[in-house]
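Listed here are the chains, written in short residue letters.
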Amino acid sequence: QVQLVESGGGLVQAGGSLRLSCAASGRTFSTYAMGWFRQAPGKEREFVAAITWSSGSTVYADYVKGRFSISRDNAKNMVYLQMNILKSEDTAVYYCTQTPYGRTIPTSTNEYPYWGQGTQVTVSS
């Protein structure tokens, strides 16, 4: 089992920045990739970004590319999401995810067995 705890959400004005953190514990030694998804009210959960644990390869959704950056700290079992130039449409609950499986970086919800509780990000226009 893997436990994930997100932090860093909050209220920010459009154009501002936030940094989300995710602390992983448990069977983290078998991590293949970690990622971030988000879910806005009335919408389906969508992929934001992911990173492989060993090589640090990354993938981003088109709608955050160039604005968001995912990183990890293997020694601390942490993954981060730096969010810049935030827009009102970035408002959502952001979830940290982990998977021990894969050969390519997963980008769909059903490829991640472990999820955090989420942290709210609200961008005011």
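What comes next concerns the included structure. (Residues numbered from 1 in each chain as written. Predicted model: local features only at pLDDT ≥ 70, side-chain atom pairs only at ≥ 80, totals over all residues. Heavy atoms only, no water.)

As for the sheet that holds strand S3 (residues 18-26)
Taken together, the four strands give an open sheet; going across it, the order is S1-S3-S8-S7, and neighbouring strands pair in antiparallel fashion. Of all strands in the sheet, those with a lone pairing partner are strand S1 (2-7) and strand S7 (68-73), marking the two edges. Neighbour-to-neighbour, the strand axes of the sheet open up by a mean angle of 15 degrees, direction not taken into account. (Pairing = 2+ DSSP bridges. Helix = DSSP H or I, 4+ residues; strand = E, 2+ residues; numbered from the N terminus. Axes fitted to C-alpha atoms, helices over the stretch in contact; angles between N-to-C directions.)

Remarks on the pattern of salt bridges
Enumeration according to the criterion identifies four salt bridges in this entry. For the salt bridge of glutamate 46 with arginine 38, the shortest nitrogen-to-oxygen distance reads 2.7 Å. A residue is classified by how much of its surface remains accessible, and glutamate 46, at 29% relative accessible area, is partly exposed. Judged by relative accessible area, arginine 38 falls into the buried class, the value being 5%. When the shortest N-O distance is used, the salt bridge between arginine 38 and aspartate 90 registers 2.8 Å. Of this pair, arginine 38 sits in strand S4 (residues 33-39) while aspartate 90 sits in the loop between strand S8 (78-83) and strand S9 (92-99), and the two are 52 residues apart along the sequence. Each member of the pair, arginine 38 as well as aspartate 90, carries the same accessibility label: buried. Sharing partners across several salt bridges, the network here consists of Arg38, Glu46, Arg67 and Asp90. (Salt bridge = Lys/Arg side-chain N within 4 Å of Asp/Glu carboxyl O. Buried < 20%, exposed > 50% of the residue type's maximum accessible area, 1.4 Å probe, protein only.)

Description of the environment of glycine 26
Relative to the helices and strands, glycine 26 resides in strand S3. Look past the residues within four positions of glycine 26 in its chain and what remains in contact with it is Gln1 and Gln3. (Contact = heavy atoms within 4.5 Å.)

Thoughts on the pairing of strand S5 (residues 46-52)
Regular strands place side chains that alternate from one sheet face to the opposite one. Counting buried positions along S5 gives six out of seven residues, so the element sits mostly inside the fold. Where S4 meets S5, six bridges bridge the pair, whose relative direction is antiparallel. Each residue of the ladder has a partner; that of alanine 33, found in S5, is threonine 52. Taken together, the three bridges between S5 and strand S6 (residues 58-60) define a ladder with antiparallel strand orientation. Across the sheet, the residue bridging to isoleucine 51 is threonine 58, located in S6. Linking two consecutive strands that pair antiparallel, namely S5 and S6, is a turn of five residues; a positive phi of about 80 degrees is found at glycine 56 within it.

Brief notes about the state of the cysteines
Two cysteines joined by a covalent bond between their sulfur atoms form a disulfide. Under the defined criterion, the tally for this structure stands at one disulfide. Across the disulfide from cysteine 22 sits cysteine 96; the S-S distance is 2.0 Å. The disulfide joining cysteine 22 to cysteine 96 has a torsion of about -80 degrees about its S-S bond and is therefore left-handed. Placement of the pair is cysteine 22 in strand S3 and cysteine 96 in strand S9, with a sequence separation of 74 residues. (Disulfide = S-S within 2.5 Å.)

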